[in-house]
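Structural features, examined
Residue strings, one per chain:
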Amino acid sequence: MHLLWENVIKNIMSFWTGTYKDLDQGTGSYQLPCAVWEAIGAASAASGDSIPYVFGPRPPNIASDKTKWTADTHSFWALYVAPVLLQGCFVQNKYYDHFIDLVKLLHVCLQFEITDDELRQVKQGFIEWVKKYEDYYYQHDPSRLSACPLTIHALLHIADSIHLAGPVWASWAYPMERYCGLLGPSIRSRRHPYASLNRYVLNSARLNHIKLIYQAHEVLSLRKPSVPKGVSIPNYTTCVVLPACKALIPDRGLTDKIVSALCTRYTATPAAIRAALPREVQQWGKLRILNDGDTIRAAELLAEAEDGRDASFVRYELLVDKNARYRQRPVILEQKTFYGQLRNILVIDLGPIPLASPPQLQSSVLMLGTIRRCVIESIHRDLDIHYYKKLGALEIVDISTIQCVVGRVQDRGRFAIIDRSGSLARAIYIED
């Protein structure tokens, strides 16, 4: 926490802005013009509108806001926002590539589990990164020795520390820092501050002791009992739906798309599907994935608040025929990942479809999502970041195909998709 987010990342940013210990660029060209850095700061702050709240606090303006930056916000900005906004900003790409090498190493360090092979790669990766750091920033000039603080050398020992103490999340400083944050408000006397601290620590320990002995966590939490929220839909055990809810009569275009999707699902004719479809369906506002999953908003039913954060973009997975373009070849299905905006959550009471294959003789309940797919135009060469400029046509999917909510960062006319569930997943600290 302190080594990376409060030191190494801050120092590198100081190099880029020309504020590191009064050092100039020397023989390098790593400094960014003020206008570029201000544009990056503005884009960082604006990204909060398209990054859901479950990702953490809004990223502040990195160029002008010096008060809201914490280790947590530095971490998120460096791992997810900076790789997008910094691309193409340096005169020489080697400085960006050097930063991305650090980001890749940090993602591995923040994994929940690390194998011995990955640990060896981390060790060798930091050795190579420090060597390049000395070439790019220290430049092997004794007059620039201040560019080599102890924190740079400490990077060489991260792999050994993980080997001895386990993954980073097992020993990071977040719990201690949060606990220290609780101690400050407990001081009630300016004249005897330590007496207040001692009393608070003692009483907290006693209360925790009672909770553990008598299993009284819920009773002594002094909070209202948690009431399960959401409406369960039959046969959908991984998620629930949340208000708002209203009746919807689908227009002809939406009906045709639903019919087309169900024809493929049930191997039936359009006429058979239309006969089973009700005239009216339920439209829900939110979807919550169970077991601490994400809460996703349907874009059409719930209007975005003025200071809201868009949680309507999702990652979903479909089975796609590899030979769809070749009619004479057999069907070979493969799972493929897509991204898009969830427009509607529809609950449909579907009647029997006796002409389906196999016949569906009983009524059933379906939960479908209408999604506008992101037309992916490029993928970051080193990180699992997808870029798009526009949304495609509306498509109908079963709601169970939706995996999680994703964030987006707008940069120079296009959006970068931030997917924390893929290779960019990382351990985060959540306070009880």
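Keep in mind that what you see is a predicted model, and the values were worked out from it rather than measured. (Residues numbered from 1 in each chain as written. Predicted model: local features only at pLDDT ≥ 70, side-chain atom pairs only at ≥ 80, totals over all residues. Heavy atoms only, no water.)

Moving on, we get to the packing of helix α8 (residues 174–183) against helix α9 (residues 193–214). Here α8 crosses α9 at 120 degrees, and the two axes come no closer than 10 Å. By the angle class used here, α8 and α9 are oblique. Contacts between α8 and α9 involve Tyr 179, Leu 182 and Leu 183 from the first element and Leu 197, Tyr 200 and Val 201 from the second. Among the residues forming the contact of α8 with α9, the class breakdown is six nonpolar, no polar and no charged. (Axes fitted to C-alpha atoms, helices over the stretch in contact; angles between N-to-C directions. Helix = DSSP H or I, 4+ residues; strand = E, 2+ residues; numbered from the N terminus. Parallel < 35°, antiparallel > 145°, perpendicular 65-115°, else oblique. Contact = heavy atoms within 4.5 Å. Nonpolar A, V, L, I, M, F, W, Y, C, P; charged D, E, K, R; others polar.)

One finds Trp 5, Trp 16, Trp 77, Leu 86 and Trp 129 to be the most contacted residues of the largest nonpolar core, which totals 111 residues. For this core, the leading source of residues is helix α3 (residues 71–85), giving 10 residues. Setting aside its immediate chain neighbours within four residues, Trp 16 contacts Tyr 30, Gln 31, Leu 32, Trp 37, Trp 77, Leu 86, Phe 90, Phe 99 and Tyr 137. Membership of the second largest hydrophobic core comes to eight residues, among which are Phe 313, Tyr 388, Cys 404 and Phe 415. (Core = buried A, V, L, I, M, F, W, Y, C linked by side-chain atoms within 4.5 Å. Buried < 20%, exposed > 50% of the residue type's maximum accessible area, 1.4 Å probe, protein only.)

Before going further, it helps to spend a moment on the confidence of the model for the chain. For the chain, the average pLDDT comes to 91, and 96% of its residues sit at 70 or higher. For the chain, the element scoring lowest by mean pLDDT is α8, at 83; helix α5 (residues 116–138) scores highest, at 97. (pLDDT = per-residue confidence, 0-100.)

In this section: the environment of Asn 61. Note on placement: Asn 61 falls in the loop between α2 (34–46) and α3. Look at Asn 61 and you get buried, because its relative accessible area is 18%. As for Asn 61 and Val 320, which are separated by 259 residues in sequence, their C-alpha atoms are 41 Å apart. The contacts of Asn 61, once residues within four sequence positions are left out, are Gly 41, Ala 42, Ala 45 and Trp 69.

Attention now moves to the packing of α3 against helix α4 (residues 93–109). It is the contact of α3 with α4, at a shortest axis distance of 10 Å, that shows an interaxial angle of 150 degrees. The orientation of α3 relative to α4 falls into the category roughly antiparallel. Handedness of the α3/α4 crossing: left-handed. Contacts between α3 and α4 involve Ala 78, Leu 79, Tyr 80, Ala 82 and Pro 83 from the first element and Tyr 96, Phe 99, Ile 100, Val 103, Leu 106 and His 107 from the second. The residue makeup of the contact of α3 with α4, split by class, is 10 nonpolar, one polar and no charged. (Left-handed = near helix turned anticlockwise from the far one by under 90°.)

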